[in-house]
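Topology and contacts: notes
These are the residues of each chain, in order.
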Amino acid sequence: MKRKTHLLFCATAVWTAMAGPSFAQDVAPAALPADAASEAGDDGAIVVTARRREERLSDIPTAASVIDAAALTDRGGAQTSGELLADQPSIRFNNLSSSVTSEISIRASSTARATNGDPSVGLYRNGSYIGGGAVGGRNFSRLDMLDIGRVEVLRGTQGALYGRNAVGGAINIISAEPGFDLSGWASARYGFETNSFQMQGAVNVPLGEGAAVRISGDLVQQDKGFFYNPDNDVYFDRQKGHGLRGQLRLARGPVDIVLLAETQRLTTPAIHYQIFIPAGTPGFPGGYIQDRFRYPWSTAPRASQDIDGLQAIVRVDLGGARLNATTFFRKRHSEYDLDNDGVSAAELARARAAGQVGPATPIDPGSASYVVDTTDVLSQDLHVTGGSDRLTWLFGVEAMLLDSDFSVTTTRTPTLANPSPGNVAPARLHFESYAAYGSLGLDLTDRLNLTGELRYTRDSRSISARLYDLGTGLPTGGPTRVIDDSIEADNLSYNATLSYKLAPRILAYAKAGSSYRAGGFNTRLSDPRAPSPVEVLFGNENSTSYEVGIKGQPARRGYFAIAGYYTDLRDLIAQVDDGCALTNPTCPVAAVSYLTNAGNAKSWGIEAEYSQGFDIGAGSGRLALSGSRQGGEVKSGRYAGLDLAQVPDWLASANLNLRYPIARDVMLTGNILVSAQWGGKQELTPTSVDLDDYRLVNLRFGVEFGGFGIAAFANNVFDKVYYVAQAPTINRYSQPRVVGLEARYSF
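Residues numbered from 1 in each chain as written. Predicted model: local features only at pLDDT ≥ 70, side-chain atom pairs only at ≥ 80, totals over all residues. Heavy atoms only, no water.

A closer look at the overall build of the protein
- When helices and strands are tallied, the protein shows 7 helices and 42 strands.
- Rg of the C-alpha trace for the protein: 26 Å, near the compact-globule value of 27 Å for 747 residues, within the 12% margin.
- Seen along its three principal axes, the alpha-carbon backbone of the protein occupies a region of about 80 × 60 × 50 Å.
- Across the 747 residues of the protein, 57% fall into the buried class.
- In the protein, the share of contacts with a sequence separation of at least 24, taken over all contacts with a separation of at least 6, comes to 68%.
- For the protein, the computed accessible surface area is about 28,600 Å², with 60% contributed by carbon and sulfur atoms. (Helix = DSSP H or I, 4+ residues; strand = E, 2+ residues; numbered from the N terminus. Rg over C-alpha atoms; globule rule 2.2 N^0.38 Å. Buried < 20%, exposed > 50% of the residue type's maximum accessible area, 1.4 Å probe, protein only. Contact = heavy atoms within 4.5 Å. Areas by Shrake-Rupley, 256 points an atom, 1.4 Å probe, with all protein chains shown as cover.)

Concerning the sheet that holds strand β17 (residues 274–277)
- Here we have 4 strands laid out as an open sheet, ordered β18-β17-β41-β40, and antiparallel in their pairing. Unpaired on one side and paired on the other, β18 (288–289) and β40 (723–727) mark the two borders of the sheet. (Pairing = 2+ DSSP bridges.)

Focus: the packing of aromatic side chains
- In the structure shown here, the tally under the stated rule is 12 aromatic pairs.
- Relative to Y722, the ring of Y694 lies with its centre 4.4 Å away and its plane at 25 degrees, an arrangement referred to as stacked. Note that Y694 is positioned in strand β38 (residues 694–705) and Y722 in the loop between β39 (708–715) and β40, a separation of 28 residues in sequence. For the pair Y694 and Y722, a shared accessibility class is recorded, and that class is buried.
- By way of ring pairs, the aromatic residues F227, F236, Y273, F293, Y295 and W297 are connected into one cluster.
- A cation sits over an aromatic face here: R164 above Y129, 5.7 Å from the ring centre.
- Above the ring of Y733, the side-chain terminus of R292 is found at 5.8 Å from the ring centroid. (Phe/Tyr/Trp six-rings, centres within 6.5 Å; stacked < 30°, edge-to-face > 60°. Lys NZ or Arg CZ within 6 Å of the ring centre and 35° of its normal.)

Section: the environment of L72
- Relative to the helices and strands, L72 is located in helix α4 (residues 69–74).
- Of the residues examined, L72 reaches a relative accessible area of 6% and is grouped as buried.
- Residue contacts for L72: discarding those within four places in its chain leaves I67, G77, A78, L84 and I148.

Observations regarding the environment of G184
- With respect to the helices, strands and loops of the structure, G184 is situated in strand β10 (residues 183–191).
- Accessibility expressed as a relative area gives 10% for G184, which makes it buried.
- The spacing of G184 and R214 is 30 residues in sequence and 8.8 Å in space, taken between C-alpha atoms.
- With sequence-adjacent residues up to four places away left out, G184 is seen in contact with A202, V203, Y745, S746 and F747.

What to know about unusual backbone geometry
- Backbone geometry places N126, a non-glycine residue, at a positive phi of 55 degrees.
- Of note, the phi angle at Q646 is positive, near 60 degrees, even though the residue is not glycine.
- On the basis of relative accessible area, Q646 is assigned to the buried category, the value being 2%.

Here we look at the side chain of T281
- Looking at where T281 falls in the secondary structure, it is placed in the loop between β17 and β18.
- The exposure class of T281 is buried, given its relative accessible area of 18%.
- Within the structure, T281 has its side chain in polar contact with the backbone oxygen of P278 (distance 2.8 Å). (Polar contact = N/O pair within 3.5 Å; in protein donor to acceptor, adjacent residues only side chain to side chain.)

Thoughts on a nonpolar patch on the surface
- Together, L182, V203, V205, L207, I215, L244, F705, F708, I710, Y745 and F747 line one region of the surface with nonpolar side chains, adding up to about 990 Å² of accessible area.
- Looking at the nonpolar patch, the element that brings in the most residues is strand β11 (residues 196–208), giving 3 residues.
- Relative to the helices and strands, L182 resides in the loop between β9 (169–175) and β10.
- On the basis of relative accessibility, which here comes to 57%, the residue L182 falls in the exposed class. (Patch = residues over 30% accessible without salt bridge, like charges linked within 9 Å, V, L, I, M, F, W, Y side chains within 5 Å. Salt bridge = Lys/Arg side-chain N within 4 Å of Asp/Glu carboxyl O.)

Some points on the sheet that holds strand β3 (residues 64–68)
- In spatial order, the strands read β3-β8-β9-β6-β7; together these 5 strands make up an open sheet with mixed pairing. Since the sheet does not close on itself, it has two edges, and those belong to β3 and β7 (128–129), each with one partner.
- Across 7 bridges, strand β8 (residues 148–155) lies against β9 in antiparallel orientation. The residue bridging V151 from the neighbouring strand is I173, located in β9.

Remarks on the pattern of salt bridges
- Scanning all chains against the criterion turns up 43 salt bridges.
- One salt bridge connects D118 with R461, and the closest N-O pair in it is separated by 2.4 Å. Here the residue D118 occupies a position in the loop between β5 (103–106) and β6 (121–125), and R461 occupies one in strand β24 (residues 448–465), the gap between them amounting to 343 residues.
- Between E262 and R330 there is a salt bridge, with its nearest N and O atoms 3.4 Å apart. Here E262 is found in strand β16 (residues 255–267), whereas its partner R330 is found in strand β20 (residues 321–339), with 68 residues between them in sequence. Across this residue pair, the class does not change: E262 and R330 are buried.
- Taken together, the shared-partner salt bridges connect R107, R155, E547, E607 and E609 into one network.

A few points about the nonpolar core
- By size, the foremost hydrophobic cluster in this structure holds 33 residues, and its most contacted members are V135, F227, Y273, I275, Y288, Y336 and V357.
- Elements supplying a minimum of two residues to this core: β17, β20, α7 (345–353), β22 (391–411) and β41 (730–733).
- Apart from residues no more than four positions distant in its own chain, I275 is found in contact with Y288, I289, Q290, D341, G342, L582, T729 and I730.
- Counting 24 residues, the second-largest nonpolar core is a separate cluster that includes A427, L429, V592 and L684. (Core = buried A, V, L, I, M, F, W, Y, C linked by side-chain atoms within 4.5 Å.)

Quick word on the confidence of the model for the protein
- Summarising the model, the protein shows a mean pLDDT of 90, and 94% of its residues fall at 70 or more.
- Long-range and interchain partners of residues 1–31, a stretch whose pLDDT sits below 50, account for 56 contacts in this model, where long-range means more than four residues apart. (pLDDT = per-residue confidence, 0-100.)

Digging into the pairing of strand β15 (residues 239–252)
- Note that strand β12 (residues 211–222) and β15 share 12 bridges and pair antiparallel. Pairing of A211 across the sheet is with L250, part of β15.
- Inspection of the sheet shows β15 paired to β16 by 13 bridges, in the antiparallel sense. Looking at β16, one finds that G241 is bridged to L266.
- Taking the residues that link successive antiparallel strands as the turn, the β15-β16 hairpin has 2 residues, and the phi of G253 there is positive, at about 60 degrees.

Some words on α7
- Listing the buried residues of α7 in full gives E347, L348 and A351. Axial view of α7: buried residues confined to an arc of 100 degrees, hence all on one face. For α7, exposure combined with an orientation more than 90 degrees from the buried face picks out A345, A346 and A353.
- Contact partners of the buried residues in α7: β18.
- Count one or two residues on from α7 and you reach G355, which has phi positive near 80 degrees. (Arc of directions from axis to C-beta.)

Regarding the side chain of D341
- Inspection of the secondary structure assignment puts D341 in the loop between β20 and α7.
- Of the polar contacts made by the side chain of D341, one reaches the backbone nitrogen of V343; its length is 3.0 Å.
- Ignoring anything within four residues of it in the chain, the contact list for D341 reads I275, I363, D364, P365, G366, S367 and L582.

Structure, rendered in structure tokens:
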């Protein structure tokens, strides 16, 4: 820990060595800041760092979007990744009911559900990678949603600049930084159906010329929910906890430093599912189907995620070049408890007496799993950017160390034949990654630009895993449960882009690039009776993608972007399971999901987005539309011909925001957000069910009095409940309608 703390703050030496004698505020970029651009309805003018340098969104030859703080405030903020990304094209949030297991997919990129695999999307906070680890590393946390400045969404292969796992794209949540004026905001929100009370806020305090602090906080208290466990009198979707972030900014001469420390202690919604076994299924003569919202688990449902993070960002104006150094450390501790059979002893006895479950059907109501993971991530990025009239360049290096201590404790009811109360399977993962990357852009003419990007990465991973009996503490399972293995790999990813200004505000481009998703180890192994046992090792997935697009600002306060893509995937990393199920007489326990290389595959799609600001008398409005069509299939191996899993055929959204003054300092506000999906398959199997279609509508109406506002909201207005996941014997459902009130004050 001493070494990590030293590395985190060593970057401050740059400030000490290079700072001038006086403090000075940064010069603002020529384009509009995100919130001002949003209010003007001019998305293309937003300044982003998508290519690790400051540029206008409309000038970047790639499919990119920005979600700014003003747009988030208009629709009531976001506490989950699904809420944050609901209006983005080609993006699907794979909701597995708990934030510790849910994940994000972009452009048909594959998912790693219920495994310890890395995501297929690069997840970043303030430019630092936060993914990876056994649990919780494929999704943003609630803490990441606190006091957002903007969110940069890059769709398509981003391996050259962002490295591993950016196969589908990369998402960078940028926290609001300290500014040099006194400002702040606070909000309080209550949801009636769930008895949910939430408070968030931030205060920004200048400390003198060129120095400021910003303190942000989050509090949630929700004891009720929609999904109930009567046996333990607890709701699966309850939440309770807090998050806190403190930042110090020092701008001295050419140097600008931001130091950040944050923490989260959170009980988050737990994994939950309905047992659904139709009548006539072998072993279940009368069928056994639980209520959609009441699950009689003997194991109390629980999930939690605690986070501690430190970050140091150093930006130095070198005069003709700019240096950026980012040091990051995060400790993430995630836990969840799972009832493997989904019933209590009393409920099983009732179901047997009612003829729903056969008298000899092997179900153990004492079977449960307790999953714990502690992941430490330490990373360092250093890059320099510069350019001249026709040339832009970038060079950077990056290092990352990741350690994950992971364990699954599985309990059972002891019998005379097997007196063991269960087992515990601890594992330790160690990951080291080092990379060098760069880019070079050349204006061939005033309208034509050619840019090349390249990254070399060297990765090494190791695992040590065992299995011990809970009763005796002795090793069990034989040689197959003793795992000591390691893998090493290197990768060269590239991106080549040719762009052309069709008009001063219209850009067309074509690009080709590559990326890879890191291979690794499956640490949660199967029941010995499983028909398709978990494979320990899976290798890297490599991809090559081709994209063409056009984007720009054809009219005042309007912005559009259209892109089409095709991706070749080699050694696709796919999620499958070991074949166990409550209805499987040879292995009547919950299935264990794992990752495997499923062969070569392809994906393709087209996406479009358009936003337009407009006036309504004395008021104003903004309409944002997005839509995408995507698909993909496996081309070789045992899964050849199957559609890629968790890829909707269609995604669409519409977001309308209105503001109208009715008196001096009195403003009526309204927001409508519609999101929908159609088509696609749940699993990579010939018998897979379709993904459930849905159309969700969120409404929000309020009034503002100067800096104070109050709003009423209804999420999922038409109370649409759909399947978020289906598997043999198991269904997961979406959240029903929530109605509430929010008060907000800003200064």
